[in-house]
Amino acid sequence: MLAFILRRLAQAVVVMVCVALIAFMLFQYVGDPVVFLLGQDATPEQVRAMRAELGLDQPFVVQFWHFLMNAAQGEFGMSLRQGTKVSRLIGERLPATLELALMAGVLALMVGIPMGVYAALKRGSFISQLFMTVSLLGVSLPTFLIGILLILVFAVTLGWFPSFGRGQVTQLGWWSTGLLTAKGWQHITLPAITLAIFQLTLIMRLVRAEMLEVLRTDYIKFARARGLTNRAVHFGHALKNTLVPVMTITGLQLGGLIAFAIITETVFQWPGMGLLFIQAVTFADIPVMAAYLCLIALIFVVINLVVDLLYFAVDPRLRVEKPGGH
């Protein structure tokens, strides 16, 4: 187990260094931060002084090393657009994005797994076919269109939910949450549904396919031959083994929810990291773009590590030591 963890940590470090190199290249080749800070009318003396102050006159390797050390401490400099420390901007926006991704992930699991199980056990029924049709629509429709349709129906026509913003939030130290207020729940409902639909349909189809595969295995036939009830076979044996690969995919999709919430946050003007990144791209705010890239990579690496450890703990076949020489 220790060797497994050490290998995964070593791989994580290599991935983060590669991502940091890509982020660092943004500073080198996507515009000149000195021009952004001083403007087009700066004199050559001012430009040279600012480059020396920022360390941009040093060799590439030295600059990259300083970038790595600062990134390890969560420091990416000042935002070129807002003139605020990037770490502060990320800290203000991170709770909103994590809260939205968590709600979308929970919704996708709570709805997708039961729908997938039903579609597998009642294959050929009208409701099962309806679930498959809905899942096809969920996979095919783009996220921004789903968000606009939900706003049109539930915000504009029916007036049940607000169409933008995060609503009333509560501060718990440095963390802000809208899940402790009624307004916060109203504001997060439509964005969470929009973000969850694609993941929900993916989980449903995966659970259905895995469940059908497991139901054809020999140990399920043996369980039926022993006289076990359908409930015991389906939920005590088949579903348990179905959820092992689902757990892996779900963990990876959780990272995707955080990374690709950009469109949802833009449609609903949700004040999270995705909206901050879109604004940074619009204004070529390179420090914010680099910080976002590194943070998302870190989230993916951590989630992958946790999923690997859970998979290692759940699946006993991975813990069986191989005989020497084979």
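On a predicted model such as this, the values are computed, not experimentally measured, just so you know. (Residues numbered from 1 in each chain as written. Predicted model: local features only at pLDDT ≥ 70, side-chain atom pairs only at ≥ 80, totals over all residues. Heavy atoms only, no water.)

Caption draft 1: Spatial organisation of the packing of aromatic side chains. Going through the model one piece at a time under the given rule, you end up with 3 aromatic pairs. Residues Y118 and F131 carry aromatic rings whose centres are separated by 5.9 Å and whose planes lie at 70° to one another, so their mutual orientation is edge-to-face. Here F131 lies in helix α6 (residues 126-140) and Y118 lies in helix α5 (residues 86-121), a separation of 13 residues in the sequence. A residue is classified by how much of its surface remains accessible, and Y118, at 30% relative accessible area, is partly exposed. With a centroid separation of 5.9 Å and 45° between ring planes, the pair formed by F154 and W160 is classed as tilted. Residue classification places W160 among the exposed positions, given a relative accessible area of 53%. (Phe/Tyr/Trp six-rings, centres within 6.5 Å; stacked < 30°, edge-to-face > 60°. Helix = DSSP H or I, 4+ residues; strand = E, 2+ residues; numbered from the N terminus. Buried < 20%, exposed > 50% of the residue type's maximum accessible area, 1.4 Å probe, protein only.)

Caption draft 2: Just a nonpolar patch on the surface, in detail. On the surface, L137, L141, F144, L145, I148, L149, L152, V153, V156, L158, W160 and I263 cluster together to form a nonpolar patch covering roughly 1100 Å² of accessible area. Per element, the largest residue contribution to the nonpolar patch is 7 residues, and it comes from helix α7 (residues 143-157). Relative to the helices and strands, F144 is located in helix α7. (Patch = residues over 30% accessible without salt bridge, like charges linked within 9 Å, V, L, I, M, F, W, Y side chains within 5 Å. Areas by Shrake-Rupley, 256 points an atom, 1.4 Å probe, with all protein chains shown as cover. Salt bridge = Lys/Arg side-chain N within 4 Å of Asp/Glu carboxyl O.)

Caption draft 3: Quick look at the packing of α5 against α6. Interaxial distance between α5 and α6 falls to 9 Å at its minimum, and their mutual angle equals 130°. Judged by the angle between their axes, α5 and α6 are oblique. You can see that α5 and α6 cross each other, and the crossing is left-handed. For the pair α5 and α6, contact is made by M115, Y118 and A119 and by I127, S128 and F131, respectively. (Axes fitted to C-alpha atoms, helices over the stretch in contact; angles between N-to-C directions. Parallel < 35°, antiparallel > 145°, perpendicular 65-115°, else oblique. Left-handed = near helix turned anticlockwise from the far one by under 90°. Contact = heavy atoms within 4.5 Å.)

Caption draft 4: The nonpolar core, seen in detail. Counting 62 residues, the largest nonpolar core has I90, M211, M273 and I296 as its most contacted members. By residue number, the principal contributor to this core is α5, which donates 13 residues. Residue contacts for I90: discarding those within four places in its chain leaves M273, L276, A291 and L295. Core analysis: the next-biggest nonpolar cluster, separate from the first, contains 6 residues, I146, L150, I151 and L190 among them. (Core = buried A, V, L, I, M, F, W, Y, C linked by side-chain atoms within 4.5 Å.)

Caption draft 5: How the structure looks around the pattern of salt bridges. Applying the stated rule across the entire model yields 2 salt bridges. R88 serves as the salt-bridge partner of E92, at 3.3 Å between the closest nitrogen and oxygen. Highlighted residues: E92 and R88, both in helix α5, separated by 4 residues, approximately one helical turn. By relative accessible area, E92 is classed as partly exposed at 44%. Two residues, R166 and E99, come together in a salt bridge whose shortest N-O distance is 3.5 Å. Of this pair, R166 sits in the loop between α7 and β1 (170-172) while E99 sits in helix α5, and the two are 67 residues apart along the sequence. Residue R166 shares its accessibility class with E99, and that shared class is buried.

Caption draft 6: Molecular detail of the confidence of the model for the protein. Looking at the protein, the pLDDT average stands at 79 and 89% of residues meet or exceed 70. No element of the protein has a lower mean pLDDT than helix α2 (residues 33-38), at 67, and none a higher one than α7, at 88. Within the model, the stretch residues 322-326 combines pLDDT values under 50 with 0 contacts to residues more than four positions away or in other chains. (pLDDT = per-residue confidence, 0-100.)

Caption draft 7: Main features of the side chain of T194. By secondary structure assignment, the location of T194 is in helix α8 (residues 182-215). Within the local environment of T194, its side chain forms a polar contact with the backbone oxygen of L190, the two atoms lying 2.9 Å apart. Setting aside its immediate chain neighbours within four residues, T194 contacts T143, I146, G147, L150, T264 and F268. (Polar contact = N/O pair within 3.5 Å; in protein donor to acceptor, adjacent residues only side chain to side chain.)

Caption draft 8: Quick look at the environment of G255. Within the fold, G255 resides in helix α10 (residues 230-259). A residue is classified by how much of its surface remains accessible, and G255, at 1% relative accessible area, is buried. When the C-alpha positions of G255 and I299 are compared, they lie 6.5 Å apart, and in sequence the two are 44 residues distant. G255 has contacts with F300 and I303, leaving out every residue within four places of it along the chain.

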